[in-house]
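Now for the letters of each chain:
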Amino acid sequence: MLGSFKYVVLAPWVAHGIQQVATKGWREADLGYLVILPSMILRGLHNQAWITVSRLQNARGKRQIVDRGIEFEQIDRERNWDDQIILSAILLFLGALHLPGGQNLPLWRTDGAVLLALLHAGPVEFLYYWFHRALHHHFLYTRYHSHHHASIVTEPITSVIHPFAELVAYELLFSIPMIACVLTGTASIMTFELYMLYIDFMNNMGHCNFELVPTWLFTWFPPLKYLMYTPSFHSLHHTQFRTNYSLFMPFYDYIYNTMDKSSDTLHEKSIESKEEAVDVVHLTHLTSLQSIYHMRPGFAEFAAKPYASKWYMRIMWPLSWLSMVLTWAYGSWFTVERNVMEKLKIQSWAIPRYNFHYGLNWEKEAINNLIVKAICEADKKGAKVVSLGLLNQAQSLNGSGELYLQKYPKLGLKLVDGTSLAAAVVVNSIPHGADQVVLSGNISKVACAVAAALCKKNIKVIITNKQDYHFLQPKIPEDAADNLLLSKTGMAKVWIIGEGADATEQLRAPKGTRFIPYSQFPPRMARKDGCTYSTTPAMSVPKILQNVHSCENWLPRRVMSAWRVAGIVHALEGWDEHECGDTVLDMDKVWSAALLHGFRPVAEA
């Protein structure tokens, strides 16, 4: 109900802590009370770290347990994973204020730590086991626990996605050892902090969908298999439903004969699985500093929505700059997404550079070396196609990929810059009946292809810049050259714009103009007077393209840039030719192939 302002519910307790410090000073204030809020922030960061690591690992396909995709429905259902942290904070604040013995706790007590560990291994694990089994009874399962089990393929945050009543029950269960320590006078701040860290760590690990617990650990100390579960152990509970009910210790599943017989086999199989083969590699890079939070391994909720700059992201600029330094120092590409279409394995690899790096002359060699390294690695992995994606935005950087072909003429894969499909999307976006368009912005390879195609269709293409006009003239077929016009007063109501078509340029268009971008980056929308803006060249993806649960930059859900789609279509068709440098494939052929495989034009809003 409160949305992004839900943290306001903690304000009274935070204000009370500030009042304590103001009136009593730091030495006299209750340290146990004051550390509650910082510890909750650390819990959020801990959970986010698991999300990032899990998504990076699953994108590679290495040690993955359940080889299935996640969809937007699950992301939406799990977006409120931090509600559990807020509830925990409220209960801790209430306990620190009103529970006898809950005030002025010492930093550490060994007897309290031992008591808490024993109470968790005994009553908590035992009660959880039977409570969990009860939740799988039809009456409770359909009303409560099915919400959690809707996620067959789990992510770390799936661990805390429960109906409110179920969350309260878990909080009360985990509070048993803590309350016991308080009432016996053995409680301490560090004991409670470590206990919450243990619960979060085990919860996240059990739902991360990749195996990280080595088999030698159980060989070296066999009793450990009764005391600690593994991600594959709990994953079986989400796929089989009637086995592996234990919390973190499988002990009770062994006692009550609910242990899944395939637990050990799945664990060994998952830990030994290698990084999977790849057919199509889409190379991309970070755009703005804030875009790192929008990437799939970033904030799950942000990644599931079209990218938009947020005010609260801007205040995180120190962390953004730090991330830029770290990615810059990393020195290699990293896998950020994995998709499957029919039998085609598709991965997206991010080059650790931001958009502004491509304009720096001293970065060009380093960027090209990174791209070459990625292309060679893709070739080594047996990829059929490498889609250059955002990386071909600067023709001066690599000649639209021609540089890589010159350097490695015997590549087994095909380089695809996607010009033909991007241009086809633009051409097919022209409203039916339009007989003239204005072409404005920096002239790119796509702009040239669009202008040539429209002139061949007998549509007048008006250029407002004299230099651009003379540049385009030789690229238009002789029998259609008369359709390329130079005019300072283009009054057409369809404008095809790229980077460089600034607000001043757009203001020259008549009221009600439709602006169709041909560049990979959306233009600044300078017109509000009945003018409309299409999305950058892109296509909606078919349902058979799986594991699509993040938005590509600023594009809507289940929409991919034409440059990215072009690589997939190229591999599906098995075309034995590159599309880079000056080469542009037959636009009609590529467009028809994309439609044949289920890709569709993006519906206008």
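In this text, all values refer to a predicted model and were calculated from it rather than measured experimentally. (Residues numbered from 1 in each chain as written. Predicted model: local features only at pLDDT ≥ 70, side-chain atom pairs only at ≥ 80, totals over all residues. Heavy atoms only, no water.)

A. Quick look at the overall build of the chain. For the chain, the helix and strand inventory stands at 27 helices and 15 strands. The C-alpha extent of the chain, read off along each of the three principal axes, is 95 × 60 × 50 Å. By residue count, 54% of the 605 residues in the chain fall in the buried class. Sequence-distant contacts in the chain: of pairs separated by 6 or more residues, those separated by 24 or more amount to 70%. Computing the positive centroid from 55 side-chain charges and the negative centroid from 52, the chain places the two 2 Å apart. (Helix = DSSP H or I, 4+ residues; strand = E, 2+ residues; numbered from the N terminus. Buried < 20%, exposed > 50% of the residue type's maximum accessible area, 1.4 Å probe, protein only. Contact = heavy atoms within 4.5 Å. Lys, Arg positive; Asp, Glu negative; His and termini not counted. Charge placed at Lys NZ, Arg CZ, Asp CG, Glu CD.)

B. Summary view of the layout of surface pockets. By volume, the second largest pocket amounts to about 880 Å³. Lining the second largest pocket we find 47 residues, and of these Leu-92, Glu-171, Phe-174, Ser-175 and Met-178 sit closest to its centre. Going through the elements one at a time, α2 (31–34), α3 (36–60), α5 (83–98), α6 (110–135), α7 (138–149), α8 (164–183), α9 (189–206) and α12 (231–240) are the ones with two or more residues in the lining of the second largest pocket. In terms of residues, the lining of the second largest pocket owes the most to one element, α8, which gives 9 residues. (1 Å grid on protein atoms, 1.4 Å probe; cavity = no way out; pocket = protein on both sides within 12 Å on 5 of 7 lines; lining within 4 Å. Points joined across faces, edges and corners; volume = space filled by probe spheres on them.)

C. Looking closely at helix α22 (residues 419–427). For α22, a buried count of 9 out of 9 residues is recorded, marking the element as mostly surrounded by other parts of the structure. Looking only at α22, the buried set comprises Thr-419, Ser-420, Leu-421, Ala-422, Ala-423, Ala-424, Val-425, Val-426 and Val-427. Summarising the contacts, the buried residues of α22 are in contact with α23 (445–456), β9 (494–497), β10 (514–517), β12 (538–540), α26 (562–573) and α27 (587–596).

D. Structural context of the UniProt feature "transmembrane region" (unreviewed entry) in the chain. The UniProt record marks residues 85–101, 113–131 and 172–195 with the feature "transmembrane region" (unreviewed entry), using the residue numbering of this structure. Counting secondary structure, residues 85–101 comes out at 82% helix and 0% strand; the distance between its end C-alpha atoms is 23 Å. A helix fraction of 79% and a strand fraction of 0% characterise residues 172–195, whose end C-alpha atoms lie 14 Å from each other. (UniProt positions renumbered as here; feature names shortened; annotations may be inferred.)

E. Layout of the sheet that holds strand β4 (residues 385–387). Taken in spatial order, the 6 strands line up as β5-β4-β1-β3-β2-β13 in an open sheet, and their pairing is mixed. The open sheet has two edge strands, β5 (414–416) and β13 (545–546), and neither has a second partner. Pairing of strand β1 (residues 280–285) with strand β3 (residues 344–351), which is carried by 6 bridges, proceeds in the parallel orientation. In the strand pairing of β3, Val-280 is matched with Ile-346. Against the sheet, α26 contacts β1, β2 (334–341), β3, β4 and β5, and its axis sits at roughly 170 degrees relative to β4. (Pairing = 2+ DSSP bridges. Axes fitted to C-alpha atoms, helices over the stretch in contact; angles between N-to-C directions.)

F. View of empty space enclosed by the protein. In total, this model carries 5 cavities of 30 Å³ or more according to the counting rule given. For the largest cavity, the calculated volume is near 280 Å³. Lining the largest cavity we find 19 residues, and of these Thr-284, Met-295, Val-336, Glu-552 and Asn-553 sit closest to its centre. Elements with a contribution of two residues or more to the lining of the largest cavity: β1, α15 (291–294), β2 and β3. Broken down by element, the lining of the largest cavity gets its largest block of residues, 3 residues, from β1. Class assignment for the residues of the lining of the largest cavity results in 6 nonpolar, 9 polar and 4 charged. (Nonpolar A, V, L, I, M, F, W, Y, C, P; charged D, E, K, R; others polar.)

G. Spotlight on the sheet that holds strand β7 (residues 460–463). Reading across from one edge, β8-β7-β6-β9-β10-β11 is the order of the 6 strands in this open sheet, with parallel pairing throughout. Strand pairing shows two members of the sheet lacking a second neighbour, β8 (484–486) and β11 (532–533), which therefore form its edges. Both strand β6 (residues 436–440) and β7 contribute to a ladder of 4 bridges, which runs parallel. Across the sheet, the residue bridging to Leu-439 is Ile-463, located in β7.

H. Quick peek at the environment of Leu-247. Tracing the backbone through its elements, the reader meets Leu-247 in the loop between α12 and α13 (251–255). For the pair Leu-247 and Ile-346, spaced 99 residues apart in sequence, the C-alpha separation works out to 36 Å. Setting aside chain neighbours within four positions, we find Leu-247 in contact with His-120, Val-124, Glu-125, Tyr-128, Phe-174 and Tyr-229.

I. Spatial organisation of unusual backbone geometry. The backbone of Asn-244 shows a phi angle near 55 degrees, a positive value even though the residue is not glycine. Assessed through its relative accessible area of 0%, Asn-244 is described here as buried. Phi at Asn-547 is positive, roughly 65 degrees, even though this residue is not glycine. With respect to the helices and strands, the residue Asn-547 is situated in the loop between β13 and β14 (559–561).

J. Structural context of the pattern of salt bridges. Tallied over the entire structure, the rule returns 22 salt bridges. With a closest N to O distance of 2.6 Å, Arg-109 and Asp-111 form a salt bridge. Note that Arg-527 is salt-bridged to Asp-529, the shortest N-O span being 2.8 Å. On the accessibility criterion, Asp-529 (29% relative accessible area) is partly exposed. A single network of salt bridges, built from pairs that share partners, joins Arg-60, Glu-275, Glu-377 and Lys-381. (Salt bridge = Lys/Arg side-chain N within 4 Å of Asp/Glu carboxyl O.)

K. Representation of the UniProt feature "domain: Very-long-chain aldehyde decarbonylase CER1-like C-terminal" (unreviewed entry) in the chain in the model. On the UniProt side, "domain: Very-long-chain aldehyde decarbonylase CER1-like C-terminal" (unreviewed entry) is annotated at positions that read residues 437–601 here. Between the first and last C-alpha atoms of residues 437–601 the distance is 20 Å; the span itself is 27% helix and 19% strand.

L. Up close: the nonpolar core. Grouped together as the largest cluster of nonpolar side chains are 69 residues, with contacts concentrated most on Leu-421, Leu-439, Leu-454, Val-461, Ile-496 and Phe-599. If one sorts the elements of this core by residue count, α23 sits on top with 10 residues. Non-local contacts of Leu-421, meaning those with residues more than four positions away in its chain, are made with Met-539, Ala-562, Val-565, Ala-566, Val-590, Trp-591 and Ala-594. In this structure, Ala-187, Ile-199, Leu-247 and Met-259 belong to the second largest nonpolar core, which totals 31 residues. (Core = buried A, V, L, I, M, F, W, Y, C linked by side-chain atoms within 4.5 Å.)

M. Examining the domain arrangement of the chain more closely. Looking at the chain, the domain boundaries give domain 1 (3–205), domain 2 (280–418 + 559–601) and domain 3 (421–539). In this structure, domain 1 and domain 2 have C-alpha centres spaced 38 Å apart. Taken together, the 14 residues of domain 1 in the interface contact 15 residues of domain 2. The largest contributions to the domain 1 side of the interface with domain 2 come from Arg-55, Leu-56 and Ala-59, which together make up 41% of the buried area. The tally of links from domain 1 across to domain 2 stands at 1 salt bridge. Close ionic contact of Asp-67 with Arg-338 constitutes a salt bridge, the shortest N to O distance being 3.4 Å. Where domain 1 touches domain 2, the interface holds 6 residue pairs in polar contact (both at pLDDT 80 or more). Of all the secondary structure elements, the ones that give two or more residues to the side of domain 1 that touches domain 2 are α3 and α4 (72–77). With 8 residues, α3 is the largest single contributor of residues to the side of domain 1 that touches domain 2. (Domains from an automatic or database assignment. Buried area = accessible area lost by both parts, 1.4 Å probe. Polar contact = N/O pair within 3.5 Å; in protein donor to acceptor, adjacent residues only side chain to side chain.)

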